[in-house]
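# Commentary on secondary and tertiary structure
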There are 4 protein chains.
Amino acid sequence: MTAPNSPIAKLGHIAAYTPDLEESLWFFEDVLGFKVTERVDDTAYLRGMRDWEHHTLSLTEGGSGIDHVAFRTRTPEAVDELAAQFESEGADVTRVDAGEERGQGEAVRVQRFGHQYEFYYDVEKPQAPEGKRSKLHNRNYSEAEANRIAPRRIDHCHVQDGVSPEHAAWLQDTLGFQVNERFRAEDGEYWGWWLSVTPLPHDIAIHREPAGTDPAFHHVSYHLDSFQDLWEAADILAEHGIAPDGGPGRHAITRADFLYVSDPASGLRVEFFAGPGYLNFEPDWEPIEWTADEIGGATDHQWIGRGPEWDGIPYAGWE
Amino acid sequence: MTAPNSPIAKLGHIAAYTPDLEESLWFFEDVLGFKVTERVDDTAYLRGMRDWEHHTLSLTEGGSGIDHVAFRTRTPEAVDELAAQFESEGADVTRVDAGEERGQGEAVRVQRFGHQYEFYYDVEKPQAPEGKRSKLHNRNYSEAEANRIAPRRIDHCHVQDGVSPEHAAWLQDTLGFQVNERFRAEDGEYWGWWLSVTPLPHDIAIHREPAGTDPAFHHVSYHLDSFQDLWEAADILAEHGIAPDGGPGRHAITRADFLYVSDPASGLRVEFFAGPGYLNFEPDWEPIEWTADEIGGATDHQWIGRGPEWDGIPYAGWE
Amino acid sequence: MTAPNSPIAKLGHIAAYTPDLEESLWFFEDVLGFKVTERVDDTAYLRGMRDWEHHTLSLTEGGSGIDHVAFRTRTPEAVDELAAQFESEGADVTRVDAGEERGQGEAVRVQRFGHQYEFYYDVEKPQAPEGKRSKLHNRNYSEAEANRIAPRRIDHCHVQDGVSPEHAAWLQDTLGFQVNERFRAEDGEYWGWWLSVTPLPHDIAIHREPAGTDPAFHHVSYHLDSFQDLWEAADILAEHGIAPDGGPGRHAITRADFLYVSDPASGLRVEFFAGPGYLNFEPDWEPIEWTADEIGGATDHQWIGRGPEWDGIPYAGWE
Amino acid sequence: MTAPNSPIAKLGHIAAYTPDLEESLWFFEDVLGFKVTERVDDTAYLRGMRDWEHHTLSLTEGGSGIDHVAFRTRTPEAVDELAAQFESEGADVTRVDAGEERGQGEAVRVQRFGHQYEFYYDVEKPQAPEGKRSKLHNRNYSEAEANRIAPRRIDHCHVQDGVSPEHAAWLQDTLGFQVNERFRAEDGEYWGWWLSVTPLPHDIAIHREPAGTDPAFHHVSYHLDSFQDLWEAADILAEHGIAPDGGPGRHAITRADFLYVSDPASGLRVEFFAGPGYLNFEPDWEPIEWTADEIGGATDHQWIGRGPEWDGIPYAGWE
């Protein structure tokens, strides 16, 4: 659905750390087929074949973990309005100067529930470089530059913590996200929320870890054109001796097809997402409710319930 | 893109006439695989497998042509606000009582540029009937009820008239649509506009016919899951001896794959739409510009320029 | 590869028993989309959408298990030549009169290694019945009669026993099958053989169970047009509350994509087979050799080694 | 079908000339994704990702046109037996020494009906070079080396002349090809024959040009994994400013999906072939018969009848 009153337009990018930028670029660029827009000092800025913004992923050498999840606002004014709102909630707000992240104008960051979110409006949309640029105006990179995975665009991210109900409520109330689907675990409590400000089945998902668990990042997801690309991804990973974290399979929630794989260098987990999931354009959507026993029969019921026992990716230590 | 200030959430439905409802239902239901929600008096209400609203197409026996194109608003209040706006523009506004169209609450209609648009917010979202309903909460009809075309959801519509620049400007200024792509013909004037309030490449397209041409409806488009379904549609049409109006092919504009076919009874043209088109989430999108010579090399350049010489479908005579 | 000297043209059909023919037909016809050519007394004759022969599967009410696996010969004379050959090997040969199996001429059956094989040449190729027949001469059933699984044609079968090396050698030496792929288990002994007389990666596979294990039938496989149909099969099974035996996944051996599911009534296991497997036209093919550790990195390594612990389907007690 | 008595196993390769080998390699290797096995003097030897033989296409600098079409025999002896047979028919037979074509043993060539055919059995099957080789034993090149077209294997060829009925009869009677499909033109005479010795719908097709027309080569076809790859091919060609000769579309005859494109340097026409065509395993196949009016309703009826007015590719002047 398209949340009527949200200040947020879309998921923008993920900023992560890697202990070995060369190794991570081998994985993201050579193996997976991401495109590097620019590399400045210790940071590489990457995006998919049909991402328009300067980057949808940044990798900075030094340590590991996630720095922030960035959302683009619908209007320029929304950046300051959100900053004021966060301050009124008592949260610390950090101002980010234009250019501090390449290609991006002024932004604000806030830490909530142990996650760090960034909000920006101004962003460059550089065309693919000469020679790699599509002749077709409605494409960025030429298909001649694509491998057989060819991540198309950032789709969503997934985070986890011990206070997810409050976190989900904040995303709804403060940021205007709408809950598309919701999963209730065996203990009767909600375990997962799939939230969006766009017609995508989710721009962000959260699931609840045991109380006291450190907040963590679970994965960033990129959209592929099709099933076939997802299976080609599995074949290409096999050729490189890299085992997927899971999949290919079809999600019960969202109905999309998936493959998870982690960067061997940084541990950053990427999901490839494809297939006949849905778009939801209804402004008055009632969340789809799942319980552990109802979800039986869905094609990947093994992926729900407590889910795969994967480590979350910690946030890097901003104090 | 998601237009920040649009009162419109999405394309809702098309209301059309047919001289022979039985024949039209044979085509839409038996051949194409649409689902009939309800049939009341001389009107059948239809939708795709994964449409949630009561209907996305209505067919009323008696004559032929289009009655109206309906958009759902983002908020309940927007219906009256739009009515007031249209009246301030000097347009005639018709009030539609709740239930006059099955499954729909109060609505307003306005005639602009010879087209009739309807705006509503309240709408029923009936589940598929028992026995045809998916066990999966995030699907409406069961896949076991699908043929090999299986229209999924309404996607967009396309209209034409002799005053399209004014019409496109009105859609932008009054209704908050954003132009995603635009085509400039050999005469240097814009010929076509692809506009949306959602991330779809268009919710509505308009192209310009010669001055004085009657306004007409070109087609309504339904989304299929894939390429394969598009080609299966062509095969199934072949089995029924029905020649497509065009396709399968890939559009230069929107980059989606298409097949056009018209209901033999009513002449209503349907497009099936699938494949690796794009979604556009950027709130500050600059329209993609095409000219006749630049579009060369795009896979279906024959579909652009003046386009296929197909008749538009007239609006039924509302006075 | 196409074995130069094989008397066998292709896998013909599987004859199985079911305790409840109605239930089995619900599964095969209504759920999976098989077509029933004819039903005579307690036997239903079925085939896929693009099978040309009278049947590729027969289901006879009374008990359960497999009666025989039938191969079509390349020439009429080969049937008697094979009978003479089997007799010279000391095997019991049973003559089957024309018409004893509907649509089939004279045939011979032989029991070897506890499996029963049938060989026939004469067979009827009835067109799909009027109204379900494709208008396209190179198709049998109309696509308008297809569900979203739409089994296309019989592909291969898989059997198991405790004497597989001898069994595989007999298929090679007596029947002219060629080994396309071969798997060597941890104990250093061959565990599985994928054999064909056609360019398919296998017409029949055998794997070795522990010595003394009863010979059994593992599955019969039908080809689908694509990946998508395989996943639709999984979705349709989910709607019917039927859990697949395994998959969807991609085989390491054969490189095809698969889904296994068993008839709830008879236990007969069917595999759906699709995707970018290979055809092998080389007449001097050297078997591809796999060992347990080499197969690592293949996308479904869990499906090989000892394989899933599924029961084989016993042969019905012919004495 | 698999012709029971044919000495031929499969289509082997096409040997063609090009005025500019560098330009042709740009097209075949860089644009289309063919793999070069070896380059010796003025000849480059190419193949698809999953071709096993040394080459399935050779390009020799100097002039243009086709040198020969090569078939692999089922047995080593068949090469000499065919030579004797051709001599008994009064045809000139040329002996080709082992190694004269790289990777190939002794072969014979014969000119019949103005076409030059070659027959060989001995052939090398070099693995893809280290670093480009698949880790999966049943694949040759690694998917990591594939572009988004990725021709998989040679599929068939198509030739034309003014004496096609005699030519088709010779293929049937002398070489043991079986006719799978046949098209009768408006004049009541057969116009086209689709013949095979394998289960492919055709290994070679012939169509009839007006009497006196020079024999010519129409195209060589390579199999792709899917629809998607066919459309990606169209997109990639568009990026390079190369217009396809025709397609993508679906053939009425063979039911496969196609895209035709010619090497800008040599004029050699390649067809990409994919999708839900059929395999035919029946040894007693009766040719499918099409007439001009019956073929109506098939999805690409425009591709049949007299067919597209494309030039054939002449045979280079062997005297």
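I will try to describe carefully the structure that is included in this document. (Residues numbered from 1 in each chain as written. Chains lettered and ligands numbered in written order. Predicted model: local features only at pLDDT ≥ 70, side-chain atom pairs only at ≥ 80, totals over all residues. Heavy atoms only, no water.)

The subject of this paragraph is the overall build of chain A. A tally of regular secondary structure across chain A gives 4 helices and 18 strands. Relative to a compact globule of 319 residues, whose C-alpha radius of gyration would be 20 Å, chain A shows 19 Å and is just as compact. Sorting the 319 residues of chain A into buried and exposed places 65% on the buried side. Within chain A, contacts between residues at least 6 apart in sequence are counted, and of these 68% link residues at least 24 apart. For chain A, the accessible surface area stands at approximately 10200 Å², while carbon and sulfur atoms represent 44% of it. Charged side chains in chain A number 26 positive and 58 negative. The centres of these two groups are separated by 7 Å. (Helix = DSSP H or I, 4+ residues; strand = E, 2+ residues; numbered from the N terminus. Rg over C-alpha atoms; globule rule 2.2 N^0.38 Å. Buried < 20%, exposed > 50% of the residue type's maximum accessible area, 1.4 Å probe, protein only. Contact = heavy atoms within 4.5 Å. Areas by Shrake-Rupley, 256 points an atom, 1.4 Å probe, with all protein chains shown as cover. Lys, Arg positive; Asp, Glu negative; His and termini not counted. Charge placed at Lys NZ, Arg CZ, Asp CG, Glu CD.)

With an RMSD of 0.0 Å, chain A superimposes on chain D once it is rotated by 180° and translated 0.0 Å along the axis. The transformation relating the two chain copies, once decomposed into turn and shift, fits a two-fold axis. Looking at the interface residues of chain A, 100% of them are also at the interface in chain D, so both copies use one shared face. (Least-squares fit on C-alpha atoms with pLDDT ≥ 70 in both.)

All names here are of chain A. With respect to the secondary-structure elements, Lys-35 resides in strand β2 (residues 35-40). Of the side chains bearing the opposite charge, Glu-145 lies closest to the buried Lys-35, which forms no salt bridge; the N-O distance is 4.7 Å. Side-chain polar atoms of Lys-35 contact the backbone oxygen of Glu-145, separated by 2.6 Å. Residue contacts for Lys-35: discarding those within four places in its chain leaves Tyr-45, Leu-46, Arg-47, Met-49, Tyr-141 and Glu-145. (Salt bridge = Lys/Arg side-chain N within 4 Å of Asp/Glu carboxyl O. Polar contact = N/O pair within 3.5 Å; in protein donor to acceptor, adjacent residues only side chain to side chain.)

What follows is about the interface of chain A and chain B. Taken residue by residue, the interface counts 43 residues in chain A and 42 residues in chain B. Interface area for chain A against chain B, summed over the two sides, is near 3600 Å², with a carbon-plus-sulfur share of 58%. On the chain A side of the interface with chain B, the three residues burying the most area are His-137, Asn-138 and Phe-281 of chain A, jointly 19% of the side's total. Here chain A and chain B share 8 salt bridges between them. With a closest N to O distance of 2.8 Å, Lys-10 of chain B and Glu-282 of chain A form a salt bridge. (Buried area = accessible area lost by both parts, 1.4 Å probe.)

What follows is about the relation of the copies chain A and chain B. Mapping chain A onto chain B calls for a rotation angle of 180° and an axial translation of 0.0 Å; the resulting RMSD is 0.0 Å. Mapped onto chain B, 98% of the interface residues of chain A again fall at the interface, so both copies present the same surface.

Residue and element names in this part refer to chain D. Position of His-219 relative to the elements: it lies in strand β13 (residues 216-223). Owing to a relative accessible area of 3%, His-219 belongs among the buried residues under this scheme. A distance of 3.4 Å separates the side chain of His-219 from the side chain of His-156, its partner in a polar contact. For His-219, the side chain forms a polar contact with the side chain of His-218, separated by 2.9 Å. Every residue in contact with His-219, bar those within four places of it in the chain, is listed here: His-156, Cys-157, His-158, Tyr-260, Arg-269 and Glu-271.

Bringing helix α2 (residues 77-88) of chain C into the picture now. Residues and elements named next belong to chain C. Given a rise of 1.5 Å per residue, 12 residues ought to cover 16 Å, and the 17 Å separating the end C-alpha atoms of α2 matches this to within 8%. Among the residues making up α2, those that are buried are Ala-78, Val-79, Leu-82, Ala-83 and Phe-86. The arc that holds the buried residues of α2, viewed along the axis, is 140°, so those residues lie on one side. More than 90 degrees from the buried face of α2, the exposed residues found are Glu-81 and Ser-88. (Expected span 1.5 Å × (residues − 1). Arc of directions from axis to C-beta.)

Before going further, it helps to spend a moment on the sheet that holds strand β7 (residues 107-112) of chain D. Residues and elements named next belong to chain D. Taking strand neighbours across the sheet as the criterion, the 8 strands line up as β2-β3-β4-β1-β5-β8-β7-β6 in an open arrangement whose pairing is mixed. Looking at which strands have only one partner, the edges of the open sheet turn out to be β2 (35-40) and β6 (93-96). Ignoring which end each strand starts from, the neighbouring axes of this sheet average 25° apart. Bridge count for β7 against strand β8 (residues 115-120) is 6 bridges, and the pairing is antiparallel. Bridge assignment links Val-108 to a residue of β8, and that residue is Phe-119. Running at roughly 155° to β6, helix α2 (residues 77-88) makes contact with β1 (8-18), β5 (65-73), β6, β7 and β8 of the sheet. (Pairing = 2+ DSSP bridges. Axes fitted to C-alpha atoms, helices over the stretch in contact; angles between N-to-C directions.)

Across the contact, 25 residues belong to chain A and 25 residues belong to chain D. Together, the buried faces of chain A and chain D total about 1800 Å²; carbon and sulfur atoms form 40% of this surface. Looking only at chain A, the three residues that lose the most surface to chain D are Glu-143, Arg-148 and Glu-239 of chain A, adding up to 38% of its buried area. Linking chain A to chain D there are 8 salt bridges. With a shortest N-O distance of 3.8 Å, Arg-152 of chain D and Glu-232 of chain A are connected by a salt bridge. Inspection of the region where chain A meets chain D yields 16 residue pairs in polar contact (both at pLDDT 80 or more). Considering only residue class, the side of chain A that touches chain D consists of 7 nonpolar, 7 polar and 11 charged. (Nonpolar A, V, L, I, M, F, W, Y, C, P; charged D, E, K, R; others polar.)

Another point: a negative patch on the surface. A contiguous patch of negative charge on the surface is contributed by Asp-20, Glu-23, Asp-41, Asp-42 and Glu-61 of chain A. Inspection of the secondary structure assignment puts Asp-20 of chain A in the loop between β1 (8-18) and α1 (21-31). (Patch = residues over 30% accessible without salt bridge, like charges linked within 9 Å, V, L, I, M, F, W, Y side chains within 5 Å.)

The next subject is the pairing of strand β5 (residues 65-73) of chain C. If a strand is regular, its side chains alternate between the two faces of the sheet. Residue and element names in this part refer to chain C. Burial analysis of β5 places 9 of its 9 residues in the buried class, which makes it a mostly covered element. As paired strands, β5 and strand β8 (residues 115-120) are joined by 4 bridges and run parallel to one another. Each residue of the ladder has a partner; that of Ala-70, found in β8, is Glu-118.

All names here are of chain C. Strand order in the open sheet formed by 8 strands is β2-β3-β4-β1-β5-β8-β7-β6, with mixed pairing between adjacent strands. Each end of this open sheet is capped by a strand with a single partner; those strands are β2 (35-40) and β6 (93-96). Between one strand axis and the next, the sheet turns through 25° on average, direction left out of account. Where strand β3 (residues 43-47) meets strand β4 (residues 57-61), 4 bridges bridge the pair, whose relative direction is antiparallel. From the neighbouring strand, Ala-44 faces β4, where its bridge partner is Leu-59. Packing of helix α1 (residues 21-31) onto the sheet brings it into contact with β1 (8-18), β2, β3 and β4, and relative to β4 it is tilted by some 155°. Most of the contacts of α2 go to β6, to which it runs at about 155°, and overall it touches β1, β5, β6, β7 (107-112) and β8.

Attention now goes to the packing of helix α4 (residues 227-239) of chain A against helix α4 (residues 227-239) of chain C. In a packed pair of helices, the relevant descriptors are the angle between the two axes and the axis-to-axis distance. Following both chains from N to C, one finds α4 of chain A and α4 of chain C inclined at 100°, their axes separated by 10 Å at the closest point. When the axes of α4 of chain A and α4 of chain C are compared, the pair comes out roughly perpendicular. Note on element contacts: α4 of chain C touches α4 of chain A through Phe-227, Gln-228 and Trp-231 of chain C, opposite Phe-227, Gln-228 and Trp-231 of chain A. Classifying every residue of the contact of α4 of chain A with α4 of chain C by side-chain character gives 4 nonpolar, 2 polar and no charged. (Parallel < 35°, antiparallel > 145°, perpendicular 65-115°, else oblique.)

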